[in-house]
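Working through the structure, step by step
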Amino acid sequence: MSAGGRAAQGRIFPSYPDLRLANLTVWDTGKTVDMLLSGSKGAGGDRVPAGEQNGPVAIDCTGLTVAPGFRDPHVHFRDPGQTDKETMSSGSAAAAHGGYTGVLIMPNTVPALDGAHIDGGFRGYSSVLDYLNDYEIANSCILPVKYALCAAASRGREGTEASDPEDWQHGLRFPAHPVIAVSDDGASVPERILPQVLAAAARSNIIFIDHCEHHDSGVINDGSVSARLGLPGVPASTESDIVARDVAFARRTGVHVHLQHVSTAASFDIIRRAKAEGIRITCETAPHYCALNDTAVELYGTYAKMNPPLRSEADRQAVLAAIADGTVDMLATDHAPHTEAEKGRGLMEAPNGIIGLETAYAVAHTVLVDGDIISEARLIELMAVNPAHLMGDAVFDISAHAAAGCSVRSLESERESDAGNPSCPGNGNPVVDLRGMRHHRDYVWGRGGSTSDGTPDAAAADLVILDTKRPWTIDSSAFLSRARNTPFNGWNVTGRPAATVLDGQLSLAGLIGDIGQDSERL
């Protein structure tokens, strides 16, 4: 499939007629299906009435894979308070561009996402929690991904006292953007308030997510690189000590603890033993810990400065081993936008973090799949299925829906048939018919993937279409994020999202290109 002359960044909510995406390969079965999408006039526009079309426009997608949309349980969109770095709109666009259909917003907003009342309010809302829940209404926009919220574990994210559950518990009932976790991401929750935080999570039946790393000094990994550069180092024990502490609390309380951005061999050993005991522990790592070690600091400077820091090559190999043996449950980006000016302050002063939503699949695919660490299907599990389970989100069963479809006649005969023909004319492939789905604003987060009669629930049809073999060069100037702080600019990689589908509607067309009323194929 060619790019059709479109810019690499694609289009959010593009206009298009009814489409038949033909000859897609299903990610987990390898079977070939066709997918029917309702037409759209773009964001805020009316769909093209089916009766005014001469059947769906057929696009040959041979060689492309359809999979559940990626979910990222760890993003920072900087809205409100730091919108020069990223907004909900720009971050969501970057997510859709990277193949994501759902994300979990971390609480280090300004003010913090602790649900506390703000004197005088904020843009007409009493708290940041309520503002983010109503973001699309407040800003007259439609976001191309779904999102849930993570409340701050401590008041103001200051680590001195636990946040008051009464401030954020009403967010548990938000239908589209609920509070599904508590965390102080950016800092581990101090042990003195951890029992209160865990108790609140248990009472609310939500996840405790911890930034499992703590240090009061240090800039990069403690090792030969920090010695060579004359920079204070961060020992691996700053992570493994917190991992061991959190595992002990999970063992004692039974609360589900999810550990963020795990990066060291010692930490993975602790997590393996905890899982063998049956303790409710899950963990994530990030593509940058798979692809880079601490020598990257010498190549990329502050674009390789993050927290936890890039570790030794031995630790990087431990990351790969933990992914291969199933210790790692999922990949998360820890998407952390910063301005060029901030990252230009030098290694001692620049903030930690890099962006990752628009490079995650390609970097992970290149390192893990091309590197024979895991299979294509396992990568989808790490980026889509397992994060969805953590976040309580539904995973659309493509094959089950196709089995409920039908397949007769040819694509050409369909073009000549009446639109909406109940006989589902096709080219011999099972049909995944997603036409007529609700817009995602009506979505209820965490609903099951099937209706009461057991048939697949099309309202959960959040999908990514992937060109798994496509070679390309990462160009940060084409990102939809406001930020450019990535070490991967200029990398030659393979695998790229071609489009994202949200509730059965095309939300971003990237490699799909220009789709006109007279298009036959790309």
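Report on the accompanying structure. Treat the numbers as computed from the prediction; the structure is a model and nothing was measured. (Residues numbered from 1 in each chain as written. Predicted model: local features only at pLDDT ≥ 70, side-chain atom pairs only at ≥ 80, totals over all residues. Heavy atoms only, no water.)

**A short note on helix α5 (residues 194-204)**
For α5, the set of buried residues is Leu194, Val197, Leu198, Ala200, Ala201 and Ser204. Down the axis of α5, the smallest arc covering the buried residues is 160 degrees, so these residues share one side. Considering only its buried residues, α5 is in contact with α4 (165-168), β11 (179-183), β12 (207-210), α7 (237-253) and β15 (257-259). In the stretch just after α5, Asn205 is the one whose phi turns positive, near 55 degrees. (Buried < 20%, exposed > 50% of the residue type's maximum accessible area, 1.4 Å probe, protein only. Helix = DSSP H or I, 4+ residues; strand = E, 2+ residues; numbered from the N terminus. Arc of directions from axis to C-beta. Contact = heavy atoms within 4.5 Å.)

**Focus on the packing of aromatic side chains**
Scanning the model with the defined rule gives six aromatic pairs in all. On the numbers, 5.5 Å between centres and 65 degrees between planes, the contact of Phe70 with Tyr100 is edge-to-face. Linking Phe70 in strand β8 (residues 70-75) with Tyr100 in strand β9 (residues 100-105), this pair joins segments that are 30 residues apart in sequence. What makes Tyr100 buried here is its relative accessible area of 1%. On the numbers, 5.0 Å between centres and 80 degrees between planes, the contact of Phe122 with Tyr131 is edge-to-face. Of the residues examined, Phe122 reaches a relative accessible area of 21% and is grouped as partly exposed. Taken together through their ring pairs, the aromatic side chains of Phe122, Tyr125, Tyr131 and Tyr135 make up a single cluster. Here the guanidinium or amino end of Arg252 rests over the ring plane of Phe249, the centre of that ring lying 4.5 Å away. The ring centre of Trp472 lies 3.8 Å from the NZ or CZ of Arg496, which sits over that ring. (Phe/Tyr/Trp six-rings, centres within 6.5 Å; stacked < 30°, edge-to-face > 60°. Lys NZ or Arg CZ within 6 Å of the ring centre and 35° of its normal.)

**Section: the pattern of salt bridges**
One pass over the structure, following the stated rule, counts 18 salt bridges. Lys146 serves as the salt-bridge partner of Asp503, at 2.8 Å between the closest nitrogen and oxygen. Here the residue Asp503 occupies a position in the loop between β20 (492-502) and β21 (505-509), and Lys146 occupies one in strand β10 (residues 146-152), the gap between them amounting to 357 residues. Neither Asp503 nor Lys146 differs from the other in exposure class; each is buried. Between Glu298 and Arg228 there is a salt bridge whose closest N-O contact spans 2.9 Å. With a gap of 70 residues between them, Glu298 in helix α10 (residues 296-300) and Arg228 in helix α6 (residues 224-229) connect regions that are remote in the sequence. Owing to a relative accessible area of 38%, Glu298 belongs among the partly exposed residues under this scheme. Each member of the salt-bridge network shares a partner with another, and the members are Lys146, Asp462 and Asp503. (Salt bridge = Lys/Arg side-chain N within 4 Å of Asp/Glu carboxyl O.)

**A look at the pairing of strand β19 (residues 463-473)**
Look at any regular strand and the pattern is simple: side chains alternate between the two faces of the sheet. Here strand β7 (residues 65-68) runs beside β19; their pairing, made up of four bridges, is antiparallel. In the sheet register, Thr65 faces β19, and the bridge partner there is Leu466. Here β19 pairs with β20 via eight bridges, running antiparallel. Looking at β20, one finds that Ile465 is bridged to Ala499. (Pairing = 2+ DSSP bridges.)

**Some thoughts on helix α8 (residues 265-277)**
An α-helical turn contains 3.6 residues, so a residue and the one three or four places further along point in the same direction. Between its first and last C-alpha atoms α8 spans 19 Å; for 13 residues at 1.5 Å apiece the expected length is 18 Å, and the two agree. Residues of α8 that are buried include every one of Ser267, Phe268, Ile270, Ile271 and Ala274, and no others. Down the axis of α8, the buried side of the element spans an arc of 160 degrees, and every buried residue falls inside it. Across from the buried face of α8, at angles greater than 90 degrees, the exposed residues are Arg273 and Ala276. Of the surrounding secondary structure, the elements contacted by the buried residues of α8 are α7, β15, β16 (281-285) and α11 (313-324). Where α8 terminates, the next one or two residues include Gly278, which has phi positive at roughly 85 degrees. (Expected span 1.5 Å × (residues − 1).)

**Describing unusual backbone geometry**
Omega for the peptide link from Val110 to Pro111 comes to 0 degrees, which places this bond in the cis form. Here Pro111 is to be found in the loop between β9 and α2 (128-133). Pro308 follows Asn307 through a cis peptide bond whose omega is 0 degrees. Positive phi is not limited to glycine here, since Ser140 has a value of about 50 degrees. Among the structural elements, Ser140 can be located in the loop between α3 (135-138) and β10.

**Quick notes on the pairing of β20**
Along β20, 10 of the 11 residues are buried, which leaves the element largely enclosed by surrounding structure. Taken together, the four bridges between β20 and β21 define a ladder with antiparallel strand orientation. When the bridges of β21 are listed, Leu502 appears paired with Gln505. Hairpin connection, β20 to β21: the antiparallel pair is bridged by two residues, and Asp503 has positive phi, about 50 degrees.

**Thoughts on the side chain of Ser226**
In this fold, Ser226 is placed in helix α6. A relative accessible area of 3% means that Ser226 is categorised as buried. At 3.3 Å, the side chain of Ser226 and the backbone oxygen of Asn221 are in polar contact. Sequence-distant contacts of Ser226, defined by excluding residues within four places in its chain, comprise Ile220, Asn221, Leu231 and Gly233. (Polar contact = N/O pair within 3.5 Å; in protein donor to acceptor, adjacent residues only side chain to side chain.)

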